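# Remarks on the overall topology
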Amino acid sequence: MLQYADDVRTTTRPIPTQTTRPIPVAVHAADPLSRAGVLSYLRQCPEIALVDEHQQTGGVALLVADTFDEAALAGLTRLVRTERTRVVLVLDRIQEPELLDVVSLGVTAILWRREVTGERLRQAVRTAVRGHGDLPPDLLGKLIGCMGRRRTADGPDGSPAEHGMQPREVDVLRLVADGMDTGEIAVKLLYSERTIKNIIHTVTTRFHLRNRAHAVAYALREGYI
């Protein structure tokens, strides 16, 4: 009988509960030193599983860059729209138009490089995978102010401002009207020449215009410049 009781106690031990699956995270950084530093931080987080950036499907992509430029936007768009990946951005700085581009893609987790710690990276990854927001206070204030200006620019019928010209599109066309070429506009607005060409192409395509002269004439007629 005693042996039987021992057997019963042995077979009825509680089964350990299954642990939560780790979050797959891929680090994208052109700077090897930044990449090594971020990987070192993330290896200390047991709930994060590091994966190769070229084999990532889902999970979280952590993009590290000095600034957010055209190449970064292309990479971000691919990750979000093609690979359905949540993204955390780690940047030195970002301009207002690019911030709107980022948020429009659904990215709401951004860290300043100067404020990065292991715990902040861990928190941002967990926030991103849940689809929540994590922005520095100064960047959040800039975003709120920008969205407020866009609302005040809505048309009288309540249509959102994005159906018209964006502020940076107006800025470019105003400089075209002043006689500047693509290179001069790029220097003036601190964009690449490729970005300026893309902005002009977007305007002419969206409003069915023939060329930049037609775009300037349209902007003048509609009261944008």
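### With respect to the sheet that holds strand β1 (residues 23-29)
- Reading across from one edge, β2-β1-β3-β4-β5 is the order of the 5 strands in this open sheet, with parallel pairing throughout. Where the open sheet ends on each side, the last strands, each with one partner, are β2 (48-50) and β5 (110-112). Neighbour to neighbour, the strand axes of the sheet diverge by 30 degrees on average, direction disregarded.
- Pairing of strand β3 (residues 60-67) with strand β4 (residues 86-93) involves 7 bridges; the strand directions are parallel. Each bridged residue has a counterpart across the sheet, and for Leu-63 the counterpart in β4 is Leu-89.
- Sheet strands touched by helix α2 (residues 32-42): β1, β2 and β3. Its angle to β1, the strand with the most contacts, is close to 165 degrees.

### Considering the packing of aromatic side chains
- Taken as a whole and assessed by the stated rule, the structure comprises 1 aromatic pair.
- Ring geometry for Phe-207 versus Tyr-218: centroids 5.0 Å apart, planes at 35 degrees, classification tilted. Taken together, the residues Phe-207 in the loop between α9 (193-206) and α10 (212-221) and Tyr-218 in helix α10 connect sequence positions 11 residues apart. Comparing Phe-207 with Tyr-218 shows no difference in burial state: the two are buried.

### Examining the packing of helix α8 (residues 182-189) against α9
- Orientation of α8 relative to α9, taken along the N-to-C sense of each, is 105 degrees, at an axis distance of 8 Å. One way to sum up the angle between α8 and α9 is to call them roughly perpendicular. Within the contact between the two elements, α8 uses Thr-182, Gly-183, Ile-185, Ala-186 and Leu-189 and α9 uses Glu-193, Ile-196 and Lys-197.
- Partitioned by chemical class, the residues of the contact of α8 with α9 number 4 nonpolar, 2 polar and 2 charged.

### Thoughts on helix α3 (residues 70-82)
- The terminal C-alpha atoms of α3 lie 18 Å apart, and with 13 residues this matches the ideal 18 Å at 1.5 Å per residue to within 8%.
- All buried positions along α3 are accounted for by Ala-72, Leu-73, Gly-75, Leu-76, Leu-79 and Val-80. The arc enclosing the buried residues of α3, seen along the axis, measures out at 165 degrees, which places them on a common side. Of the exposed residues in α3, the ones pointing more than 90 degrees away from its buried face are Ala-71, Arg-81 and Thr-82.
- Against β1, β3, β4 and α4 (96-104) lie the buried residues of α3.

### Some words on the pairing of β3
- For β1 and β3, the ladder comprises 5 bridges, and the chain directions are parallel. In the strand pairing of β3, Val-25 is matched with Val-60.

### Section: the confidence of the model for the protein
- With 82% of its residues at a pLDDT of 70 or more, the protein has an overall mean of 80.
- Considering only residues more than four positions removed or in separate chains, one finds that residues 154-162, a stretch of pLDDT under 50, has 7 contacts.

### As for the layout of surface pockets
- One number sums up the size of the largest pocket: a volume of about 700 Å³.
- Every residue lining the largest pocket is counted, 24 residues in all, and those nearest its centre are Pro-97, Asp-101, Gln-166, Arg-168 and Glu-169.
- Those elements giving two or more residues to the lining of the largest pocket turn out to be α3, α4, α7 (167-177) and α9.
- Here the second largest pocket is characterised by a volume of approximately 360 Å³.
- Looking at the second largest pocket, it is lined by 21 residues, and the ones nearest its centre are His-28, Ala-30, Val-64, Ala-65 and Ala-72.
- Mapped by element, the contributors of at least two residues to the lining of the second largest pocket are β1, β3, α3 and β4.
- Broken down by class, the residue content of the lining of the second largest pocket amounts to 11 nonpolar, 4 polar and 6 charged.

### Digging into α4
- When α4 is considered as a whole, its buried residues turn out to be Glu-98, Leu-99, Leu-100, Asp-101 and Val-102.
- Directly after α4, the chain includes Gly-106, whose backbone phi takes a positive value near 95 degrees.

### Overview of the side chain of Asp-134
- Secondary-structure assignment places Asp-134 in the loop between α5 (118-129) and α6 (137-152).
- Here Asp-134 falls in the buried class, since its relative accessible area comes to 8%.
- In this structure the side chain of Asp-134 is engaged in a polar contact, spanning 3.2 Å, whose partner is the side chain of Arg-120.
- Residues contacting Asp-134, with those up to four places away along its chain left out, are Thr-108, Ala-109, Ile-110, Leu-111, Arg-120, Gln-123, Ala-124 and Thr-127.

Definitions and limits used
- Residues numbered from 1 in each chain as written.
- Predicted model: local features only at pLDDT ≥ 70, side-chain atom pairs only at ≥ 80, totals over all residues.
- Heavy atoms only, no water.
- Pairing = 2+ DSSP bridges.
- Helix = DSSP H or I, 4+ residues; strand = E, 2+ residues; numbered from the N terminus.
- Axes fitted to C-alpha atoms, helices over the stretch in contact; angles between N-to-C directions.
- Contact = heavy atoms within 4.5 Å.
- Phe/Tyr/Trp six-rings, centres within 6.5 Å; stacked < 30°, edge-to-face > 60°.
- Buried < 20%, exposed > 50% of the residue type's maximum accessible area, 1.4 Å probe, protein only.
- Parallel < 35°, antiparallel > 145°, perpendicular 65-115°, else oblique.
- Nonpolar A, V, L, I, M, F, W, Y, C, P; charged D, E, K, R; others polar.
- Expected span 1.5 Å × (residues − 1).
- Arc of directions from axis to C-beta.
- pLDDT = per-residue confidence, 0-100.
- 1 Å grid on protein atoms, 1.4 Å probe; cavity = no way out; pocket = protein on both sides within 12 Å on 5 of 7 lines; lining within 4 Å.
- Points joined across faces, edges and corners; volume = space filled by probe spheres on them.
- Polar contact = N/O pair within 3.5 Å; in protein donor to acceptor, adjacent residues only side chain to side chain.

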